[in-house]
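Structural overview for review
Chain by chain, the residues:
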Amino acid sequence: MYHQQLDGFPKDFLWGAASAAYQVEGAWNEDGKGPSIWDHFAKIPGKTFEGTNGDVAVDHYHRYKEDVALMKEMGMKAYRFSVAWSRVLPDGEGEVNEAGLAFYEALVDELLANGVEPVLTLFHWDLPQALQDRYGGWESRKTADAFETYCRVLYERLGKKVKYWVTMNEQNVFIPLGYRWAAHPPAVTDLKRMYAANHIVNLANAKAIKLFHQLVPEGMIGPSFGYGPIYPLTADPNDVLAAENAEAFNNEWWLSVYCTGKYPRFLVKQLTELGLAPEILPEDRSLLEDAAARPDFLGVNYYHGGTVKTNRIAAPSDEEKEFSETDPYLMQPKDDQAQSPEVPMFNGVANPYLEKTAWGWEIDPVGFRVALRRLQSRYDLPLFITENGLGAVDELTEDGKIHDAYRVEYLRAHLLELQKAVTDGVEILGYCAWSYTDLLSWLNGYKKRYGFVYVDRNEQEEGQLTRIKKDSFYWYQQVIATNGVSLVENV
Ligand code: BGP
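In this text, all values refer to a predicted model and were calculated from it rather than measured experimentally. (Residues numbered from 1 in each chain as written. Predicted model: local features only at pLDDT ≥ 70, side-chain atom pairs only at ≥ 80, totals over all residues. Heavy atoms only, no water.)

Backbone hydrogen bonds hold the strands of a sheet together, and the pairing may be parallel or antiparallel. Strand order across the open sheet formed by three strands is β6-β8-β9, with mixed pairing between neighbours. In the strand order of this sheet, the two ends are held by β6 (230–232) and β9 (347–349), each with one partner. Neighbour-to-neighbour, the strand axes of the sheet open up by a mean angle of 45°, direction not taken into account. Pairing geometry for strand β8 (residues 306–309) and β9, over three bridges, is antiparallel. Paired with Val308 across the bridge in β9 is Gly348. Packed on one face of the sheet, helix α10 (residues 237–260) meets β6 and β8 and runs near 165° to β6. (Pairing = 2+ DSSP bridges. Helix = DSSP H or I, 4+ residues; strand = E, 2+ residues; numbered from the N terminus. Axes fitted to C-alpha atoms, helices over the stretch in contact; angles between N-to-C directions. Contact = heavy atoms within 4.5 Å.)

What follows concerns the site of the ligand. Taken together, the neighbourhood of the ligand is formed by 15 residues, with Gln23, Glu170, Ser441, Lys448 and Tyr450 sitting nearest. Measuring from an oxygen atom of the ligand, one finds a side-chain N or O atom of Glu170 at 2.4 Å. Lys448 is positioned with one of its side-chain polar atoms (N or O) 2.6 Å from an oxygen atom of the ligand. Taking 380 Å² as the accessible area of the ligand by itself, protein coverage stands at 99%. Here the residues of the shell around the ligand are counted per class, giving seven nonpolar, five polar and three charged. (Near = heavy atom within 4 Å. Polar contact = N/O pair within 3.5 Å; in protein donor to acceptor, adjacent residues only side chain to side chain. Areas by Shrake-Rupley, 256 points an atom, 1.4 Å probe, with all protein chains shown as cover. Nonpolar A, V, L, I, M, F, W, Y, C, P; charged D, E, K, R; others polar.)

This model, assessed by the stated rule, comprises 31 salt bridges. As a salt-bridge pair, Asp290 and Lys210 come within 2.9 Å of each other at their nearest N and O atoms. Here Lys210 lies in helix α9 (residues 191–215) and Asp290 lies in the loop between α12 (282–289) and β7 (298–301), a separation of 80 residues in the sequence. Members of the salt-bridge network, linked through shared partners, are Asp394, Asp404, Arg407, Asp438, Arg449 and Lys470. (Salt bridge = Lys/Arg side-chain N within 4 Å of Asp/Glu carboxyl O.)

Read around the barrel, eight strands follow the order β1-β2-β3-β4-β5-β7-β10-β11 and close on themselves; strand pairing throughout is parallel. On average, each strand axis in the sheet is inclined to that of its neighbour by 30°, with strand direction left out of account. Sheet contacts for helix α15 (residues 405–424): β1 (14–18), β10 (383–387) and β11 (428–434); angle to β11, the most-contacted strand, approximately 170°.

Let us now look at the packing of helix α3 (residues 60–74) against helix α16 (residues 471–481). Packing of α3 against α16 brings their axes to within 9 Å, and their N-to-C directions diverge by 55°. On the basis of their axis angle, the class for α3 and α16 is oblique. Residue-level inspection shows Leu70, Glu73 and Met74 of α3 in contact with α16, the latter providing Phe473, Tyr476, Gln477 and Ile480. Looking at side-chain class alone, the contact of α3 with α16 contains five nonpolar, one polar and one charged residues. (Parallel < 35°, antiparallel > 145°, perpendicular 65-115°, else oblique.)

Another aspect to go through is the side chain of Thr143. Position of Thr143 among the secondary structure elements: in helix α7 (residues 141–158). Discounting chain neighbours no more than four positions away, the residues touching Thr143 are Trp85, Leu127, Leu131, Tyr135, Gly137 and Trp138.

The N-to-C vectors of α3 and helix α5 (residues 98–113) enclose an angle of 10°; their axes lie 10 Å apart at closest approach. One finds that α3 runs roughly parallel with respect to α5. Contacts from His60, Tyr61, Tyr64, Lys65, Val68 and Met71 in α3 reach Phe103, Ala106, Leu107, Glu110 and Leu111 in α5. A class-by-class count of the residues in the contact of α3 with α5 yields eight nonpolar, one polar and two charged.

On to the pairing of strand β5 (residues 220–226), then. Of all the seven residues making up β5, seven are buried; the element is thus mostly covered by neighbouring parts of the structure. The pairing of strand β4 (residues 164–169) with β5 spans four bridges and is parallel. The residue of β5 that forms the bridge with Trp165 is Ile221. Where β5 lies against β7, three bridges are found, and the strand directions are parallel. Residue pairing in the sheet places Phe225 in a bridge with Val300 of β7. (Buried < 20%, exposed > 50% of the residue type's maximum accessible area, 1.4 Å probe, protein only.)

Structure representation (structure tokens):
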């Protein structure tokens, strides 16, 4: 589509920013909180960057009022945060920890009192360790039942105050990283188990949405998916077919279940042939296909897409190898992987047209518009951008400031493409940049920063945790105040 003039952002557009409990809260064992799998995993030597863990993180648990005051100053309309399941149910199920629940209620009240709409994520990766120990975590249907119990507690307590809810954060990231690449807990490398655990998470997601529709009829709920559009490297039809295959493996496998209640047929057939398909019981199908288990919106976390070429039967070149080993999040099939069903079908390669961040993530604002267009036309649900941002090394300069012009440039480029997508006709509820304050990166410590607000903290746990507004803070403040009009000024 081409437009002489862009539409404005919708009147009630939710300009926001996001975080996740483990990455900001700290207070890992305070006020009755039980341990999560991340509390455990991060303390195993060698698992995280310089051994960092979330024991203190950026101490949001104790400083949330200060953080919300800054949100108000910025004019933020929405704040996406997650609830630590084991803060509310220390044992994963059973007894409710009132102090934990009260913390989230106080946070929600503080947000509402300051004109910020809460967007609550139910699961952002910090599964209670008790469920991992007792049931084997997401490999058991009992964990899906426990998730439903936990959701009920939150719906009953916060359902009248919180309108927007996210079920699972990036199931397509935490499942492969946890059960295939062993970069996240429970650090398994087994494809069969990965597909089985993934199915259980699908059931948990469907149960949570179904229950929500009963208990919070006025609210809206959906999963947040880490979507990246796949491009073929060339117009060679074999590359185009490779891109179709990669879309199926990397995206449709989840999106189709979320949005239609059905597993995609080509991939089911393929995985069945390979002996990797999950066991799907008749009652699972009825649950997944139940209209009440459909999301009201689709959350989209956009960082980058991927480019593929046709099958790689021979060993990869050194360049390909280097590309695939840059970052575990790129999740390219690696040769040393015991089973890599994708290898004969597609091979991830660098896109020759795109620059990369210091961490090797391609920077692709146009891909953002492509992503939104594809999702809207395939699934026809309202979209909510629940993450997008630039991870960079930020420097606190002698003037006591952080001049992050690179972040402004990145965000502006993405927001302009978002505006074009809106003008194309994509329905978007809001945009939450990743992240609000600087926070602990799961695997990159405090070196890779995303926030509008700098936090004085490093891998050695030094620093006073002081909050300092970056240049991007003031820039985003203007964007929000003008409902996006300032994006096109001074371009
Ligand atoms: C997403 C996660 C976030 C955050 C972000 C940036 O996948 O949902 O929690 O971690 O990625 O990741 P990183 O810190 O690894 O750059």
